[in-house]
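# Architecture and fold: a report
Listed below are the residues making up each chain.
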Amino acid sequence: MILRKSILRHITEKKFQYFGVIVLLLISIMLYVSMSMAISTLDTRNQQFKESYNQEDFHFIVSEDIHEEQLSAWEDNFDVQLEKRSYTDVEYQSEDTTLRVFSLTDEINKPYISEGELPEKQGEIAVSPPFAKAHNLKVGDSINVNNQELKVTGMMYLPDYIYILERVSDLINDPKSFGLAITGKDTLNNLSNKSVAQVMGEGLSEEEIASFKDNVVENYSLLRWMNSNENPRIEFVESEIESSEAVITTLPLFILVLSVMMVLMILKRQLDLQRKEIGTLMALGYRKKELMRHYLSHAGVIGIIGTLLGLIAGAVLSIPFTNLYSEYYNLPSISYFDWDVMVLVIGFIVPNVVLLIMTYFVIRKPLKQSPLDLLSPKDVSKGKKSMFERLPFFKKGNFISRFRLRLLVRKKTRAIYIFIGVMFSSILLIFGFVTYNSMDDIVETTYKKIFTYDYGVYYNSLQQGSLEEGASPFTNAEISVQQLNGKEDIKVDQKVSIYGVKPESDQIQLLNDDEEILNERAEKGFVVSKPLASVLELEKGDELTIGNAYNDKTITKVVEGVANVYIGFSVYYQLDEVNSFIGYPEGVYTAKWTNTEPGDSGNILYVENKKDAIENFESTSELTRYSVMGIAGFAFLIGVIVLTLITNLIVEENSPSISLLKVMGYKDNEISKMVLNVYTPIVFITYMVSIPIAYYSIDGMMTSLVEQTGFSLPVNLNWFMIVLGFVIIMVTYFVSLWISKRKLKKVSLQEALKKQQD
């Protein structure tokens, strides 16, 4: 009973340290629970939406019109479900805003109406919620599109546009400039005569899709084929769920390690201070099990308070997290929040079990000693010195230098703790900086230096003849990667495209890392994009074999260079050879790059406006800037907590020495430099070590991201980022010193005498 009462007293005496550890535990559990529940709910909603509303397995577009009889014949022959859908892009209010209007479907990619009802009559339309929110539209409003007055009957979601991207090369959706709508066929025909017909399919395995595709190619001129696992509008949310699983465990685990280490140091310090008490209690008859339970209770109280607060905060935070995710990825709230009991159980049990096990080993050591040994002062009984103190340079220098060195080498656990804490914050900061910079690098390199055209115009049929001045024709087709340096079983999960280009073109400048233009090399062999080179680990001089996706033709060429094109898995080769490889007649092309805005032509499949793509990336950069600020703030918070806890512990442990130094006449600032600033070299070294670790970790993570998304984010770390990160880390360190210095000033002159008497 007496021992139990002393727990509260001990925690109250060290309230700053215990509070700091509880905050670290709270943050760790809160991150784990909130992110796990949000991702779990996102996954559940995604799966339910896919299954309940028949998300497509693939879709394709051909240059000819496909009749319903042909679709029925394919359905019978391949046991597949097919449905035709038309869409058109129209301007809404201004030329900068595009509304993609689809015809209604009954079987595949069925719309989910979250509010209102489906547009069943002519002149009715339903729009996507993000677009409606961005343009302040409500059910019952009337909108004017292409001089047609349309009534908004509802808000809808489409299963093949979970992540609403205008182009598959976009990174982020912008509801202000692009939105979705559905309407009846008659209304769609009245809106525009440039609608595109696509056929959607569902119900085939991967091998069956390949067989069906071959049949389509034999009978029609295929302009585009996209499987669902290659479609970023579908796959982005899957990639987010998959990649988040690593973050969910890694980030909280790192903070949990810091929390456990701090608890162990606090308890070890407490056990050292209470050696005589423990020895006395054992001499009085207290059993070791009772004392073990007593000290384990300290860790238990911290663990229970920290984890319970973390569970509550995480569960509450998961609701806005889930809403944020669902809104960002345009997922309807088909299911409610996924209160995963296992997440709560793991979030409570794992930290407490780890904490108690680690604490057990710390407590067991002093309890192994006899009461007589415990009643003797530890330093006198052991008399151990660090091995570093035997080094010659330790005996040189003035008193202050030797005092600082001794303090540093005798407490290696604290140096390790600072090392881990500073590294954690440093890696977070560098990750934020690199991500921030990568978006700007993509725009500057890919869209300004390499893609010098303004418009990419893709046709719905083969084109031939001369083009306007400055325009450059090219052929674009899907290919498969079959061999690399003679090795087979090469697998690329994303769609790989070949571009047949004219090397003399001014509309594209294939630059490599040395700013060398590789256009002429595309006459001799392949020039590949960064994402493809990254996934296949391609280098200049490798031999690559590609296959025609629509027949058995293959072609093998040497890789002549890697261009800094960071978007898409692409191979660039000369136009005539690519046409021959694909089976097109000589002198034809399927698209052109031009600086002239294309007119209203019926043979245009779609237009890629580079200005829109750049604006899309700049929007992404703006979001990234906010993310970087958040990451920097979080890194600063964790850094301040960790460093303040350790410096506070140092002050407490050295309070007799500090008191003696005060008696000897040293000022507070001088004592602070001797006692608190001793870990400055550790902070500096840790930051320097963190830079290459962070760089290669981020590079590995980006490689993983490439495989999932087809985007390669350049990992460039410049001196400005390194210096800025160093400044932030040092500010964090000195803020923690300033906080601990206040405790140092409160150490009284009588402290040494009191300790001596104890």
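The notes below deal with the structure included here. (Residues numbered from 1 in each chain as written. Predicted model: local features only at pLDDT ≥ 70, side-chain atom pairs only at ≥ 80, totals over all residues. Heavy atoms only, no water.)

### Points about the overall build of the protein chain
When helices and strands are counted, the protein chain shows 22 helices and 19 strands. Counting only C-alpha atoms, the protein chain reaches 100 × 55 × 45 Å along its principal axes. Counting all 758 residues of the protein chain, 53% fall into the buried class. Put simply, 84% of the contacts in the protein chain that link residues at least 6 apart link residues at least 24 apart. When the accessible surface of the protein chain is split by element, carbon and sulfur atoms take 54% of a total near 35400 Å². (Helix = DSSP H or I, 4+ residues; strand = E, 2+ residues; numbered from the N terminus. Buried < 20%, exposed > 50% of the residue type's maximum accessible area, 1.4 Å probe, protein only. Contact = heavy atoms within 4.5 Å. Areas by Shrake-Rupley, 256 points an atom, 1.4 Å probe, with all protein chains shown as cover.)

### Focus on the packing of helix α19 (residues 668–675) against helix α21 (residues 719–745)
The interhelical angle for the contact between α19 and α21, taken along N-to-C directions, is 120°, at an axis separation of 10 Å. Classified by the angle between their axes, α19 and α21 sit oblique to one another. In the crossing of α19 with α21, the sense of the turn from one axis to the other is right-handed. The segment α19 lies against α21, with D668, N669, I671 and S672 engaging K741, L744 and K745. For the contact of α19 with α21, the per-class residue count stands at two nonpolar, two polar and three charged. (Axes fitted to C-alpha atoms, helices over the stretch in contact; angles between N-to-C directions. Parallel < 35°, antiparallel > 145°, perpendicular 65-115°, else oblique. Left-handed = near helix turned anticlockwise from the far one by under 90°. Nonpolar A, V, L, I, M, F, W, Y, C, P; charged D, E, K, R; others polar.)

### Here's the deal with the pairing of strand β17 (residues 569–574)
The side chains of a regular strand alternate between both faces of the sheet. Along β17, six of the six residues are buried, which leaves the element largely enclosed by surrounding structure. Here six bridges tie strand β13 (residues 496–501) to β17, and the two strands are oriented parallel to one another. Paired with Y499 across the bridge in β17 is Y572. Pairing analysis gives two bridges linking strand β14 (residues 526–529) to β17, with the strands arranged antiparallel. Paired with V528 across the two strands is V571, which belongs to β17. (Pairing = 2+ DSSP bridges.)

### Side note on empty space enclosed by the protein
A full pass over the atoms with the stated rule returns one cavity of 30 Å³ or more. Of the pockets and cavities examined, the largest cavity occupies roughly 50 Å³. Considering the residues around the largest cavity, the lining is formed by G421, V422, S425, A635, G639, V642, L643, I729 and T732. Partitioned by chemical class, the residues of the lining of the largest cavity number five nonpolar, four polar and no charged. (1 Å grid on protein atoms, 1.4 Å probe; cavity = no way out; pocket = protein on both sides within 12 Å on 5 of 7 lines; lining within 4 Å. Points joined across faces, edges and corners; volume = space filled by probe spheres on them.)

### Focus on helix α13 (residues 399–410)
Its twelve residues place the ends of α13 16 Å apart at the C-alpha level, agreeing with the 16 Å of an ideal helix rising 1.5 Å per residue. All of the buried residues in α13 are F403, L407, L408 and V409. (Expected span 1.5 Å × (residues − 1).)

### Quick look at unusual backbone geometry
Unusually for a residue other than glycine, N54 sits at a positive phi of about 50°. Relative to the helices and strands, N54 is located in the loop between α2 (15–52) and β1 (58–62). For N330, which is not glycine, the phi torsion reads 55° and is therefore positive. Along the chain, N330 turns up in the loop between α9 (288–328) and α10 (341–367). For N330, a relative accessible area of 2% corresponds to the buried category.

### A few points about the packing of aromatic side chains
Per the stated rule, a full pass over the model turns up 35 aromatic pairs. An angle of 65° between the planes, with centres 5.8 Å apart, marks the rings of W74 and Y220 as edge-to-face. Of this pair, W74 sits in helix α3 (residues 68–78) while Y220 sits in the loop between α6 (206–219) and β10 (222–227), and the two are 146 residues apart along the sequence. By relative accessible area, which is 15% here, Y220 ends up buried. Ring geometry for F474 and W593: centres 3.8 Å apart, planes at 15°, overall stacked. Of this pair, F474 sits in strand β12 (residues 472–484) while W593 sits in strand β18 (residues 588–594), and the two are 119 residues apart along the sequence. You can call F474 buried: its relative accessible area is 0%. (Phe/Tyr/Trp six-rings, centres within 6.5 Å; stacked < 30°, edge-to-face > 60°.)

### Quick notes on the packing of helix α18 (residues 655–664) against α19
When two helices pack together, you describe them by how their axes are tilted relative to each other and by the distance separating the axes. Look at α18 against α19: their axes get within 10 Å of each other, and the N-to-C directions meet at 145°. Crossing geometry of α18 relative to α19 is assigned as right-handed. When α18 is examined against α19, the residues I658, L661 and K662 are found in contact with a partner set consisting of D668, I671, M674 and V675. Across the contact of α18 with α19, the residue classes tally to five nonpolar, no polar and two charged.

### Quick notes on a nonpolar patch on the surface
On the surface, V341, M342, V345, I346, I349, V350, V353, V354, I357, M358, Y360 and F361 cluster together into a nonpolar patch covering about 980 Å² of accessible area. Note on placement: M342 falls in helix α10. (Patch = residues over 30% accessible without salt bridge, like charges linked within 9 Å, V, L, I, M, F, W, Y side chains within 5 Å. Salt bridge = Lys/Arg side-chain N within 4 Å of Asp/Glu carboxyl O.)

### Points about the nonpolar core
Residues Y417, L510, Y572 and Y679 are the most contacted members of the largest nonpolar core, which totals 126 residues. In contact with Y572, not counting residues within four places along its chain, are F451, Y499, V501, I508, L510, A522, G525, F526, V527 and V565. (Core = buried A, V, L, I, M, F, W, Y, C linked by side-chain atoms within 4.5 Å.)

So, to be careful, I would describe these as geometric facts and stop short of saying anything about function.
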